[in-house]
Amino acid sequence: MTQQTSDAILNRMMALHPKIIDLTLDRVWSLLDALGNPQNDLPPVIHIAGTNGKGSTQAMIRAGLEAEGKTVHAYTSPHLARFHERIRLAGDLISEPYLTQVLDECYAANDGQPITYFEITTVAAILAFARTKADYTLLEVGLGGRLDATNVVDKPALTIITPVSFDHPQFLGNTVAEIAGEKAGILKRQIPAIVTRQSEDAAEVIEARIDKLGCPALIQGQHWDAFEERGRLIYQDERGLLDLPPPALMGAHQFQNAGTAITALRYLGLSETACEAASTNVTWPARMQKLTSGPLLDLAPKAEFWLDGGHNAACAETLAETLQRLPKRATHLICGLMNTKDVAGYMAPIAPHAASLHAVSIPGEVNTLPAQDTANAASAAGIDAKTAENAKEAVSNIIAHDPTARILICGSLYLAGGILRDHG
């Protein structure tokens with residue numbers, strides 16, 4: 001075994017395939033086979049796909065399971081501050097020595113063959129999960145579903161599809177129906193499927209797939225529902241009604257995510273205590289997260305800082321709704337987006353809530369949308385927009401005119417990750 005850090009091995013892995021995204025499962029199957037097919041030895045798997053809400057829903061399910069004393073593996077992407085965030089082994093982030101070991105083992109087993117960074121690191125997570133005892137494995141899809149590297153478990157315990165909307169058309173299709181078809185690729189014959197409320201086009205595709213595969217269905221609006229009532233989370237299914245505290249995560253959409261998690265927990269036979277914990281014990285960074293310390297706050301001690309990594313039009317709609325609920329205060333945005341995103345679609349919902357926008361390029365990301373392009377799109381949406389070299393410069397510009405501003409850093413998980421790294 002070579003003596004290297006995980007960062008060194010991850011950098012080597014980046015060179016194994018020229019494309020960042022290349023959807024196929026052939027390379028994954030080959031590497032899994034070379035490693036003895038560890039995907040067949042995982043603790044019971046809950047597989048989660050969707051455009052929005054995957055990460056929050058997974059975090060809520062984990063909170064509920066752990067409140068009941070269950071040990072849980074969890075896989076998510078992308079990471080924010082450190083790669084280790086992607087792999088949680090029996091409740092704890094994977095250690096640096098073990099991450100280095102499994103990465104090196106996968107690199108050696110791949111034997112120099114082409115494979116994408118996401119594919120080989122997903123296999124490394126599966127290898128670690130298979131070798132560590134736990135009660136459940138939570139797998140979050142990276143992109144799509146049908147050809148995603150996580151879609152290698154023949155018989156998961158449960159599959160979940162969160163809201164599907166228009167995103168990644170260059171990889172998944174030009175319509176919501178086509179994208180929904182890719183997400184529905186995680187469904188397995190006669191395996192129970194939980195589906196959140198969808199647009200008509202997405203629902204038609206997903207439900208047709210459910211019928212074809214004979215999946216026992218748990219569909220929001222048909223078999224269960226969750227909503228806000230007087231600030232409480234009301235959940236109802238065929239077993240009865242739960243009146244629970246609101247989700248710890250901000251935003252009206254989190255009531256639906258909590259309902260999805262509760263549906264999974266109730267299907268697995270967990271208690272009402274676990275269901276409440278799913279809502280109240282959950283933490284998930286960069287989802288309308290209030291920042292309480294760090295260099296930006298030192299620069300502007302009277303300002304209020306928030307961080308959100310939502311990056312498509314549907315995320316912007318939920319972000320706008322969340323801003324509407326906050327106490328009235330001038331909100332200034334610092335925004336950076338990737339060049340694969342619908343920047344105009346992102347700007348439209350949040351424009352009425354933005355006093356100004358400072359556009360930044362995302363540091364260290366070759367696929368960042370140039371700051372000027374982001375500013376141009378914001379201006380076209382009616383926002384007073386300009387560019388800044390970085391978040392620090394943007395904050396200085398904002399507080400020069402409004403020292404008590406609400407400052408929201410938004411647009412990309414990659415931008416959010418950089419902010420969190422800087423905030424220690």
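Check the entry above for the structure.
The following paragraphs examine the structure supplied in this document. Keep in mind that what you see is a predicted model, and the values were worked out from it rather than measured.

Thresholds, definitions, all that
- Residues numbered from 1 in each chain as written.
- Predicted model: local features only at pLDDT ≥ 70, side-chain atom pairs only at ≥ 80, totals over all residues.
- Heavy atoms only, no water.
- Helix = DSSP H or I, 4+ residues; strand = E, 2+ residues; numbered from the N terminus.
- Buried < 20%, exposed > 50% of the residue type's maximum accessible area, 1.4 Å probe, protein only.
- Pairing = 2+ DSSP bridges.
- Polar contact = N/O pair within 3.5 Å; in protein donor to acceptor, adjacent residues only side chain to side chain.
- Axes fitted to C-alpha atoms, helices over the stretch in contact; angles between N-to-C directions.
- Parallel < 35°, antiparallel > 145°, perpendicular 65-115°, else oblique.
- Left-handed = near helix turned anticlockwise from the far one by under 90°.
- Contact = heavy atoms within 4.5 Å.
- Nonpolar A, V, L, I, M, F, W, Y, C, P; charged D, E, K, R; others polar.
- Salt bridge = Lys/Arg side-chain N within 4 Å of Asp/Glu carboxyl O.
- Phe/Tyr/Trp six-rings, centres within 6.5 Å; stacked < 30°, edge-to-face > 60°.

## Observations concerning the environment of Ile206
Checked against the element boundaries, Ile206 lands in helix α8 (residues 200–213). Judged by relative accessible area, Ile206 falls into the buried class, the value being 0%. Spatially, the C-alpha atoms of Ile206 and Val195 are 8.4 Å apart, while their sequence positions differ by 11 residues.

## A few points about the pairing of strand β13 (residues 304–308)
Burial analysis of β13 places 5 of its 5 residues in the buried class, which makes it a mostly covered element. Side chains of β13 alternate between two faces, with Glu304, Trp306 and Asp308 and Phe305 and Leu307 buried alike. Bridge analysis of strand β12 (residues 289–290) against β13 gives 2 bridges, and the strand direction is antiparallel. In the strand pairing of β13, Gln289 is matched with Leu307. The pairing of β13 with strand β17 (residues 406–410) spans 5 bridges and is classified as parallel.

## Some points on helix α16 (residues 413–422)
Extensive coverage of α16 is indicated by the burial of 7 of its 10 residues. All of the buried residues along α16 are Leu413, Leu415, Ala416, Gly417, Gly418, Ile419 and Leu420. Two or three places before Tyr414, at the opening of α16, Ser412 has a side-chain oxygen 3.0 Å from that residue's backbone nitrogen.

## Some thoughts on the packing of helix α3 (residues 54–67) against helix α10 (residues 272–280)
Packing of α3 against α10 brings their axes to within 7 Å, and their N-to-C directions diverge by 140°. In terms of orientation, α3 lies oblique with respect to α10. The crossing of α3 and α10 is right-handed. Of the residues in α10, those touching α3 at Met60, Ala63, Gly64 and Ala67 are Ala274, Ala277 and Ala278. Among the residues making up the contact of α3 with α10, the classes are represented as 6 nonpolar, 1 polar and no charged.

## Section: the sheet that holds strand β5 (residues 136–140)
Read from one edge to the other, the open sheet built from 8 strands follows the order β4-β3-β2-β5-β1-β6-β7-β8, with strand pairing classed as mixed. Each edge of the open sheet is held by one strand with a lone partner, namely β4 (92–93) and β8 (217–219). Across 4 bridges, strand β1 (residues 45–49) lies against β5 in parallel orientation. Bridging from a neighbouring strand, His47 pairs with Leu139 of β5. Each of β1, β2 (72–75), β3 (87–89), β5 and β6 (158–161) is contacted by α3, which is oriented at about 170° to β5, the strand it contacts most. Sitting on the sheet, α8 touches β6, β7 (193–195) and β8, and the angle it makes with β7 is about 165°.

## Let's talk about the pattern of salt bridges
The tally for this structure, following the rule as stated, stands at 12 salt bridges. Of the charged contacts in the structure, one is a salt bridge between Arg12 and Asp104, with a shortest N-O distance of 3.6 Å. One end of the pair, Arg12, is in helix α1 (residues 6–13); the other, Asp104, is in helix α4 (residues 96–110), and 92 residues separate them in sequence. For the salt bridge of Glu182 with Arg146, the shortest nitrogen-to-oxygen distance reads 3.2 Å. Remark: Arg146 occurs in the loop between β5 and β6 and Glu182 occurs in helix α7 (residues 176–183); sequence separation between them is 36 residues. With a relative accessible area of 14%, Glu182 lands in the buried category. Its relative accessible area of 41% is what places Arg146 among the partly exposed residues. What you see here is one network of salt bridges that share partners, running through Glu304, Arg329 and Arg406.

## Thoughts on unusual backbone geometry
What is expected of a backbone is that most residues other than glycine have negative phi and most peptide bonds are trans. Here the amide bond leading from Ser77 into Pro78 is cis, since omega sits at -10°, within 30 degrees of zero. Mapping Pro78 onto the fold places it in the loop between β2 and β3. Although it is not a glycine, Arg230 adopts a positive phi angle of roughly 50°. Looking at where Arg230 falls in the secondary structure, it is placed in the loop between β9 (224–229) and β10 (232–237).

## A look at the packing of aromatic side chains
A ring pair, where both rings are aromatic, is described by two values, the distance of the centres and the angle of the planes. For the coordinates displayed, the defined rule picks out 3 aromatic pairs. Taking the centre distance of 6.3 Å and the plane angle of 80° together, the rings of Phe83 and Tyr117 count as edge-to-face. Taken together, the positions of Phe83 in the loop between β2 and β3 and Tyr117 in helix α5 (residues 117–130) put the pair 34 residues apart, joining distant regions of the chain. Since its relative accessible area comes to 5%, Phe83 is described here as buried. On the numbers, 6.1 Å between centres and 20° between planes, the contact of Trp224 with Tyr235 is stacked.

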